[in-house]
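Here are the chains, one letter per residue:
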Amino acid sequence: MAPATGNAALGNWTSRAYHRAWLLAQANGLFDFFQHNSVNPKGGFYDLDDTGKPLDAEGQVRSIHIAARAVHCFAIGALLGRPGAADLVDHGMDYLWNHHRDRKNGGYFWSLDKNGPVDSNKQGYGHAFVLLAASSAKTIGHPLADGMLADITEILNTKFWEPRHGAIAEEFTADWQPLDGGTYRGQNSNMHLTEALMAAFEATGDKEYLTKAESIADLVIRRAAGSVDWRVAEHFDAEWKFDKQYYHPNEMFRPAGTTPGHWLEWARLILQLWVLGGKRIEWMPDAAKALFEQSMALGWDSDKGGFFYTLDWNDKPAKRNKLWWPACEGAAAAHFLNEHLPSDYHEECYRKIWSVIERAFIDHKNGGWHEELTEDLVPSHSLFPGKGDIYHALQACLIPLFPATGSLTKGIAEAGGRL
């Protein structure tokens, strides 16, 4: 890849006042779009269509990760000083605590509608985001945060965590029976738990959270991804052996093959974990660099731009559509790498990813970002029906504005909210 373009004396884009102002403007646009459109007055949050209207105002099925991500993102808004952001934190925390929480059996239901649970199963993915929501809410002193943190931590420790593997199981029925025989283990839920465990460590100072995050990273990245030349496997059996033939009809959460966007996400999380752990785990920087380089080499469409959604195990594009969240994670990972392992390569990647985001993913007409594009970068809806939530895009805009030493909540708090 060619060296970064432009006058080197000007420095990286993230050091330039205009680029920083542009990123903040994009973040504000996302806040505007979701803050004023997504709140369901009956509880939880709407999924939105392209114009910001509810996809199903009466029958909305409300998944737990949408409410939890809203809490996390609007806690970030509150830390920044955005008027009204704390109100959405209140709204989301109330829905998580008083509706998603299973008062009979413990844990949190996956999805609800106006009549109660739609999917009452207990998913590791959803519980990871509850931990993130509680941790972020604690940073702004929300009154429900400590109780939710204690509750979700106990559930994760007693129901999900498997000490012999150093990671969590995937899913249970409402009364905690292993779902489908309990034979599936997934990296996605464990990846997001790693993110949430770091946030919980930052919010509480409890090193047990950090220890668990390091354990997951060692299993999923050092041992598993490292054994296949830094390709992150998505699907495993109960003994954490690769399941390369795994198929599930839900291609939004469990697509077959590999997902380069998750290699990018792990690249950032591994560096964040390395810093939080005092930079003592030596394998992490090289792993982060290798994960990023593989995702760019195998997952980036050098002709049209954007990341292919999935690859097969021969490294060929399988699902060729381009989703917004891998682009978001790519930009954030490139920034983290440029902060800790600076190079022209990382800067050039950062610029080319943002250029595709600006050209194809940002919806300049209606607000928000297109969540799905065809291979040719045309908006489509084969997987995502509209604009579901703010989480990935907001973080992509704000991460480059704060020190690459931890989560956004930590960075904003330590900076006193100053950009």
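Note that the structure is predicted; figures quoted are calculated from it, not measured.

*Asks:* So what's going on with the overall build of the protein chain? Which residues, and what values?
*Replies:* A count of helices and strands for the protein chain gives 13 helices and 11 strands. Its C-alpha atoms give the protein chain a radius of gyration of 20 Å, near enough to 22 Å, the size a compact globule of 419 residues would have. When the backbone C-alpha atoms are referred to their principal axes, the protein chain occupies close to 60 × 45 × 40 Å. Buried positions account for 61% of the 419 residues belonging to the protein chain. For the protein chain, the share of sequence-separated contacts (at least 6 apart) that also reach a separation of at least 24 residues comes to 65%. Surface summary for the protein chain: the accessible area is close to 15800 Å², and the carbon and sulfur share equals 50%. Charge centroids of the protein chain, computed over 40 positive and 53 negative side chains, lie 2 Å from each other.

*Asks:* Account for unusual backbone geometry, naming residues and giving values.
*Replies:* The backbone phi angle of D180 is positive, close to 55 degrees, even though this residue is not glycine. Structurally, D180 is set in the loop between β7 (171–172) and β8 (185–186). Despite not being glycine, W230 has its phi angle at roughly 65 degrees, a positive value. As for its placement among the helices and strands, W230 is situated in the loop between α7 (207–224) and β9 (235–236).

*Asks:* Which residues make up the sheet that holds strand β3 (residues 116–119), and what values go with them?
*Replies:* Taken in spatial order, the 3 strands make up an open sheet running β1-β2-β3, and their pairing is antiparallel. The sheet is open, and its two edges are formed by β1 (62–63) and β3, each paired on a single side. As defined by bridge partners, strand β2 (residues 111–113) adjoins β3 across 3 bridges and the pair is classed as antiparallel. The residue of β3 that forms the bridge with D113 is G116. In the packing of helix α3 (residues 85–100) onto the sheet, contacts are made with β1 and β2, and the angle to β2 comes to roughly 90 degrees.

*Asks:* With reference to specific residues and values, describe helix α9 (residues 283–299).
*Replies:* Relative to the 24 Å expected for 17 residues at 1.5 Å per residue, α9 spans 23 Å between its end C-alpha atoms, a close match to the ideal helical length. Of all the 17 residues making up α9, 12 are buried; the element is thus mostly covered by neighbouring parts of the structure. The elements touched by buried residues of α9 are α7, α8 (260–276), α10 (324–340) and α11 (344–361).

*Asks:* Could you give an account of the packing of aromatic side chains, with specific residues and numbers?
*Replies:* In the structure shown here, the tally under the stated rule is 20 aromatic pairs. With a centroid separation of 5.6 Å and 85 degrees between ring planes, the pair formed by F160 and W176 is classed as edge-to-face. Linking F160 in helix α5 (residues 145–160) with W176 in the loop between β7 and β8, this pair joins segments that are 16 residues apart in sequence. By relative accessible area, which is 0% here, F160 ends up buried. One aromatic cluster is present, formed by W110, Y125, F129, F253 and Y391 through successive ring pairs. Its end group placed over the ring of W97, R101 keeps NZ or CZ at 3.7 Å from the ring centre. Between K244 and the ring centre of W313, over which it is positioned, the NZ or CZ distance is 4.5 Å.

*Asks:* Give a description of the packing of helix α6 (residues 187–204) against α7 that names residues and reports values.
*Replies:* Packing of α6 against α7 brings their axes to within 8 Å, and their N-to-C directions diverge by 155 degrees. Here α7 runs roughly antiparallel to α6, going by the angle between their axes. Seen along the crossing, α6 lies across α7 with a hand that is left-handed. Taking contact as the criterion, the partners of Q187, N190, L193, T194, L197, M198, A200, F201 and T204 in α6 are, on α7, K207, Y209, L210, K212, A213, I216 and V220. Tallied by class, residues from the contact of α6 with α7 come to 10 nonpolar, 4 polar and 2 charged.

*Asks:* How would you explain the nonpolar core if you had to name every residue and give the values?
*Replies:* Judged by nonpolar contacts, the single largest core of 136 residues is most densely connected at L131, I221, W266, W354 and W369. Ranked by residues supplied to this core, first place goes to α8 with 11 residues. Setting aside anything within four residues of it in sequence, one finds I221 in contact with I216, G226, W230, V232, W266, I270, W283, A287 and L291.

Rules of the game
Residues numbered from 1 in each chain as written. Predicted model: local features only at pLDDT ≥ 70, side-chain atom pairs only at ≥ 80, totals over all residues. Heavy atoms only, no water. Helix = DSSP H or I, 4+ residues; strand = E, 2+ residues; numbered from the N terminus. Rg over C-alpha atoms; globule rule 2.2 N^0.38 Å. Buried < 20%, exposed > 50% of the residue type's maximum accessible area, 1.4 Å probe, protein only. Contact = heavy atoms within 4.5 Å. Areas by Shrake-Rupley, 256 points an atom, 1.4 Å probe, with all protein chains shown as cover. Lys, Arg positive; Asp, Glu negative; His and termini not counted. Charge placed at Lys NZ, Arg CZ, Asp CG, Glu CD. Pairing = 2+ DSSP bridges. Axes fitted to C-alpha atoms, helices over the stretch in contact; angles between N-to-C directions. Expected span 1.5 Å × (residues − 1). Phe/Tyr/Trp six-rings, centres within 6.5 Å; stacked < 30°, edge-to-face > 60°. Lys NZ or Arg CZ within 6 Å of the ring centre and 35° of its normal. Parallel < 35°, antiparallel > 145°, perpendicular 65-115°, else oblique. Left-handed = near helix turned anticlockwise from the far one by under 90°. Nonpolar A, V, L, I, M, F, W, Y, C, P; charged D, E, K, R; others polar. Core = buried A, V, L, I, M, F, W, Y, C linked by side-chain atoms within 4.5 Å.

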